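Fold and contact review
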Amino acid sequence: RLSHHASLALVPVSASLHGPSFAVGDRVRIGVGLQFRAGFFRHHCSVSAMSPLTQRAMEPTKHAFCTSSSDQEVESATAPDGHVRLHNASAPPFSSGLPSGLARSQQLYMMQRFLNIPATPSYVKKDNGLVLDRVVMNVGGRTWWQTLTLRLRAQRAWNTQEFSKGKPHQVLSDPSMYALGGRFRVGFGANTVLRGLGELGSLSGAVEDFSKIRRKLAWGGGTGDTSKAVNGPGGGRNNAKGGRTHSSATNVRGIKSDTFATNNKPAAADDPSPRGRITLQTKVVSGHLVSLDASLRERYQSNNGYEDGPSFVSASVHSRGARVLNYKFGVRHWLDETLPKFERGVDQLTGTIVTRPPPRREATVGASLEHQVTLWRGTRRAANPDSKWNKGYAALPQTPRFVVGGLVGGTARLALRSDDETTAGTVGGTSGVTAPGASSSSEPSTVAGAPTTLKSVQKGTVDHRQVLSLTAHASFGSFSKPVLDYTAVDVRYDLSSCSSGYGQLPSASGTGTGTNDAPAMDALAAPKTAMEKLVTSGFDGHVRVASETFTVGATQQLLGPVRLRAEIRFGPGVASAAAVAGWRAMITSDKSPDAKNDGPGSNKKPLPGSVAGKGGEGSGATVGGHRGPGGPGGSGGKAFQSAKTENGSKVASAWRAASAEIRDAELVYGIDVPLPPALGAARLVAWYNVKRGEAMAEMRLFDL
């Protein structure tokens, strides 16, 4: 309750991790010294100035700014190195997909050496199931190290006909069954590091190139037509009469529709082309990180799968450390001759969300503001001195708390160079991928005579991107008892928007200069959700919502150090639509189409214990928990069984209806096991992404 007076004296305000705590009856001054008593609060509470996002549950929110404005690294089982990238993604990665700071190859090597796991399994749907990863080379010194990770597509090999015929050597000798990933790191002093990674999706291309070089050397290095020497008299790549004889299980590209089949379906081809990235980073400037990057065809994660991104070189400077205000600026130049439709943004002429190529050369500058508040902090349960795990299962004490945090940021990008390509006619075929949480106005106009759609951002155009991320985290328990002593719930809301760009825009005819007026939208492109309407009206149509998602996560201790975690991401209105659909299905299950044919002559069989007609055995029922006229041992038990069956069918119908509404939601679940010998500093984590069909096991070190 507020006191009767307010102090105007300036007082220092703590900016520590959780801020000063106060008990009942203490006098506390905040801001410019507004004085009040804390008798209103029953529990300890934290009051502090603006503090950065330091809670572990706030990590996805902290990455929201980088994810929306530029590139963000995220874990994925599809790559042997375990990492892919996000580019202008609709939402930050799941907490289980955030990089732990420890290279994937180092994780595998630790599990091989300390846990005696010869090969770590992962599940990749596009690789036909189970794959095995093992570090085959790990060398280094005090300031450098180099690793090579080999991947075997084990389930693909197991499902081949050759393997079932007892000829595993034919399958295992096929290079398309393997993928290779490498990573290195070299340190220069205490502040500069050079790191790189590379990947071969299939060894078939490397084996083929090596075979060509070897044959050229064998023929004296001639420059004539060596196709017959390499591939045989027929000139074919897999001709067995000449050249190298390949395995009969597959050809060099991993495809053979006649013999190599999985569930009677030919396997998909794996890309043998190399991909990778080299990064030079330095921290010579205090509080800042300077990065120089060169990327070659890296794999990017999109809403509906994965795609190969264009190559680029970039330079950036951004702030680092725990701070409230973060900023970054940089330049990037895309190297591919033809840039693919790689990013989602607002078309400058139609005002719709489309998938378009990025500008050939761009300069970006952005800033974000973050804040975290601990609204409630409980008391950690006292340790039992007689217990073996009297210190708990975690490295840091687990205290019940309720924390909220948020981040708001924006980025401005200037197109320094563009391909200056336009497409005349109607706006068709340029729409972006509509994904869970994507803006409902992301479909372009299809009205005849619509304005010209730009293929890429034009030179001199400045477009803006905004991001908002809000998170609430509540945890209960101390994680010190062996059963059900830790429960956590996380709810996050992510919103990203982008502008149509400001600058010199071409007119609809492709000549002259257009205006900066927001284009008129048809009914299909009109905003649908409340936030879309608010943003569109508040900025006169220049800013459109690109994505809006909710993420709900829960963590529960099961037994000992084992915790189960699940996260689900969905778009706005999906939860309410699923609840409404489930309720309607439950209350209308008695009015199903089959119920219309329950009259005389119908072929529908009555449920056990149901009324089959006048005087049927199922006339006994229970009302208010009492037996009806069926009599003891008669039809009353059947009626109870009938009600139980009907209730089960109603729940099943409601579940099917609700699942149909959230079928596009992305669900990730897994287990988290702190390793007791390491006092919780090392954790064994395994997760499975249902929508993407991939699972991965890893060891996280100091990821507290």
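Structural data are supplied above this passage.
Computed from a predicted structure; not experimentally measured.

What counts as what
- Residues numbered from 1 in each chain as written.
- Predicted model: local features only at pLDDT ≥ 70, side-chain atom pairs only at ≥ 80, totals over all residues.
- Heavy atoms only, no water.
- Salt bridge = Lys/Arg side-chain N within 4 Å of Asp/Glu carboxyl O.
- Helix = DSSP H or I, 4+ residues; strand = E, 2+ residues; numbered from the N terminus.
- Buried < 20%, exposed > 50% of the residue type's maximum accessible area, 1.4 Å probe, protein only.
- Contact = heavy atoms within 4.5 Å.
- Core = buried A, V, L, I, M, F, W, Y, C linked by side-chain atoms within 4.5 Å.
- Patch = residues over 30% accessible without salt bridge, like charges linked within 9 Å, V, L, I, M, F, W, Y side chains within 5 Å.
- Areas by Shrake-Rupley, 256 points an atom, 1.4 Å probe, with all protein chains shown as cover.
- Phe/Tyr/Trp six-rings, centres within 6.5 Å; stacked < 30°, edge-to-face > 60°.
- 1 Å grid on protein atoms, 1.4 Å probe; cavity = no way out; pocket = protein on both sides within 12 Å on 5 of 7 lines; lining within 4 Å.
- Points joined across faces, edges and corners; volume = space filled by probe spheres on them.
- Nonpolar A, V, L, I, M, F, W, Y, C, P; charged D, E, K, R; others polar.
- Pairing = 2+ DSSP bridges.

1. Re the pattern of salt bridges
Across all of its chains, the model carries 32 salt bridges by this definition. The shortest N-O distance in the salt bridge between Arg 153 and Asp 127 comes to 3.1 Å. Of this pair, Arg 153 sits in the loop between strand 9 (144–152) and helix 4 (154–158) while Asp 127 sits in the loop between strand 7 (120–124) and strand 8 (129–140), and the two are 26 residues apart along the sequence. Classification of Arg 153 by relative accessible area gives buried; the value is 2%. Among the residues examined, Asp 127 registers a relative accessible area of 0% and is labelled buried.

2. Focus: the side chain of Ser 122
Relative to the assigned elements, Ser 122 resides in strand 7. Look at Ser 122 and you get buried, because its relative accessible area is 2%. Discounting residues that sit within four places of it in the chain, Ser 122 has contacts with Ala 77, Arg 104, Gly 129, Leu 130, Val 131, Asp 133, Ala 695, Met 696 and Ala 697.

3. Observations regarding the nonpolar core
By size, the foremost hydrophobic cluster in this structure holds 8 residues: Ala 77, Phe 94, Val 124, Val 131, Val 668, Val 685, Trp 687 and Met 696. When sequence neighbours within four positions are dropped, the list of residues in contact with Ala 77 reads Ser 122, Tyr 123, Val 124, Arg 151, Trp 687, Glu 694, Ala 695 and Met 696. Grouped together as the second largest cluster of nonpolar side chains are 7 residues, Met 110, Met 111, Val 135 and Leu 675 included.

4. So, a nonpolar patch on the surface
The grouping of Val 483, Leu 484, Leu 558, Leu 559, Leu 564 and Ile 671 at the surface amounts to a nonpolar patch, some 530 Å² of accessible area in total. Tracing the backbone shows Ile 671 in strand 32 (residues 666–674). With relative accessibility at 39%, the residue Ile 671 sits in the partly exposed group.

5. A few points about the packing of aromatic side chains
Geometrically, a pair of aromatic rings is defined through the distance of the ring centres and the angle of the planes. Following the criterion strictly, the structure yields 11 aromatic pairs and no others. Their ring planes at 65 degrees and their centres at 5.3 Å tell us that Phe 312 and Trp 334 sit as a pair that is edge-to-face. Residue Phe 312 is found in strand 18 (residues 312–319), and its partner Trp 334 is found in strand 19 (residues 325–334); the two are separated by 22 residues along the sequence. You'll find Phe 312 and Trp 334 in the same group, each marked buried. Ring centres of Tyr 393 and Phe 479 lie 5.4 Å apart, and the angle between their planes is 50 degrees; on these two criteria the pair is classed as tilted.

6. Let's talk about the environment of Val 284
In this structure, Val 284 sits in the loop between strand 14 (274–282) and strand 15 (288–296). By relative accessible area, which is 58% here, Val 284 ends up exposed. Sequence separation between Val 284 and Thr 192 is 92 residues, and the spatial gap between their C-alpha atoms is 7.6 Å. Beyond its immediate sequence surroundings of up to four residues, Val 284 is in contact with Asn 191 and Thr 192.

7. Focus: empty space enclosed by the protein
For the coordinates displayed, the defined rule picks out 5 cavities of 30 Å³ or more. If you add up the space inside the largest cavity, you get close to 120 Å³. Every element with two or more residues in the lining of the largest cavity is listed here: strand 6 (83–87), strand 11 (192–200) and strand 14. Considering only residue class, the lining of the largest cavity consists of 3 nonpolar, 3 polar and 8 charged.

8. Things to note about the environment of Arg 663
Mapped onto the elements, Arg 663 comes out in the loop between helix 11 (631–661) and strand 32. Residues Arg 663 and Val 574 lie 89 residues apart in sequence; the distance between their C-alpha atoms is 9.8 Å.

9. Some remarks on the environment of Phe 312
Here Phe 312 falls in the buried class, since its relative accessible area comes to 2%. Sequence spacing of Phe 312 and Ala 294 is 18 residues, and the spatial spacing of their C-alpha atoms is 6.0 Å. Residues contacting Phe 312, with those up to four places away along its chain left out, are Asp 71, Asp 293, Ala 294, Ser 295, Tyr 300, Arg 332, His 333, Trp 334 and Leu 335.

10. Here's the deal with the pairing of strand 16 (residues 299–302)
Relative to strand 17 (residues 305–308), strand 16 runs antiparallel, the two being bridged by 4 bridges. Each residue of the ladder has a partner; that of Gln 301, found in strand 17, is Tyr 306. A loop of 2 residues connects strand 16 with strand 17, the two strands running antiparallel in sequence.

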